[in-house]
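Examination of the molecular architecture
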Amino acid sequence: MLVKSLKIWYISIERERVSVLNNAYNKIYEAVRRIPYGKVATYGQIAAIAGNPRWSRVVGYALHVNPDPDTIPCFRVVNRFGEPSAAFAFGGRNMQILLLEGEGVEFIDGRVDMQKFQWNGE
């Protein structure tokens, strides 16, 4: 009986955890969809827009499993220094740079010119 109760409790907790994670990822994807063509945002910026400024790593995890790269432009997210991700999930660092340059984003010494290309969140 105790084992059955523990299994039910565990399943309930696991469902709640998955639900919370899915909700967080959806908020992240919505924030990334808002980044305009030719602009970039940082992981921290997306985390704050999604509701929790401490979610920078969660943003990275969510973008790594991006379910729809055609409508969720994860390549527009860079680190706080303007550096593209070495682990860019859809073709590597060079692909992220090519995609951003294709939108007119300029790099200085391997970093996005954040003064010019960082999205203001509006």
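One can find the structure itself at the top, above this paragraph.
Description of the structure in this document. Residue positions are counted from 1 within each chain, in the order its sequence is given. Residues qualify for local features only when their pLDDT is at least 70, as the model is predicted, and side-chain atom pairs are given and counted only at 80 or more; totals for whole chains, interfaces and linings, by contrast, use all residues. Just so you know, side-chain values use all the structure's heavy atoms and leave hydrogens and water out.

1. Some thoughts on the packing of helix 2 (residues 43–50) against helix 3 (residues 56–64)
Two elements in contact, helix 2 and helix 3, have axes whose closest approach is 8 Å; the angle formed by their N-to-C orientations is 95°. With respect to their mutual orientation, helix 2 and helix 3 come out roughly perpendicular. Here Y43, G44, I46 and A47 of helix 2 come into contact with helix 3, specifically with S56, V59, G60 and L63. For the contact of helix 2 with helix 3, the class distribution of residues is five nonpolar, three polar and no charged. Structural elements are reduced to axes, namely lines fitted to C-alpha atoms, with helices fitted over the stretch in contact, and the angle between N-to-C directions of any two is expressed from 0 to 180 degrees. Only runs of H or I of at least four residues qualify as helices and only runs of E of at least two qualify as strands under DSSP, and these elements are numbered from the N terminus. For this classification, under 35 degrees means roughly parallel, over 145 means roughly antiparallel, 65 to 115 means roughly perpendicular, and everything else is oblique. Contacts are residue-level and defined by heavy atoms, with any inter-residue pair within 4.5 Å sufficient. Polarity classes work like this: nonpolar for Ala, Val, Leu, Ile, Met, Phe, Trp, Tyr, Cys and Pro, charged for Asp, Glu, Lys and Arg, and polar for all others, with Gly in that last group.

2. Examining the nonpolar core
One finds I28, V32, I35, I46 and L63 to be the most contacted residues of the largest nonpolar core, which totals 17 residues. Elements with a contribution of two residues or more to this core: helix 1 (2–33), helix 2 and helix 3. Among the elements that take part in this core, helix 1 stands out by supplying five residues, more than any other. Contact partners of I35, with chain neighbours within four places excluded, come to V40, A41, I46, R76, V77 and W119. To qualify as a nonpolar core, a set must consist of buried Ala, Val, Leu, Ile, Met, Phe, Trp, Tyr and Cys residues joined through side-chain atoms within 4.5 Å. Under the scheme applied here, a residue whose accessible area is under 20% of the maximum for its type counts as buried, over 50% as exposed, and between as partly exposed, the area being computed with a 1.4 Å probe on protein chains only.

All we've got here are geometric facts, nothing functional implied.
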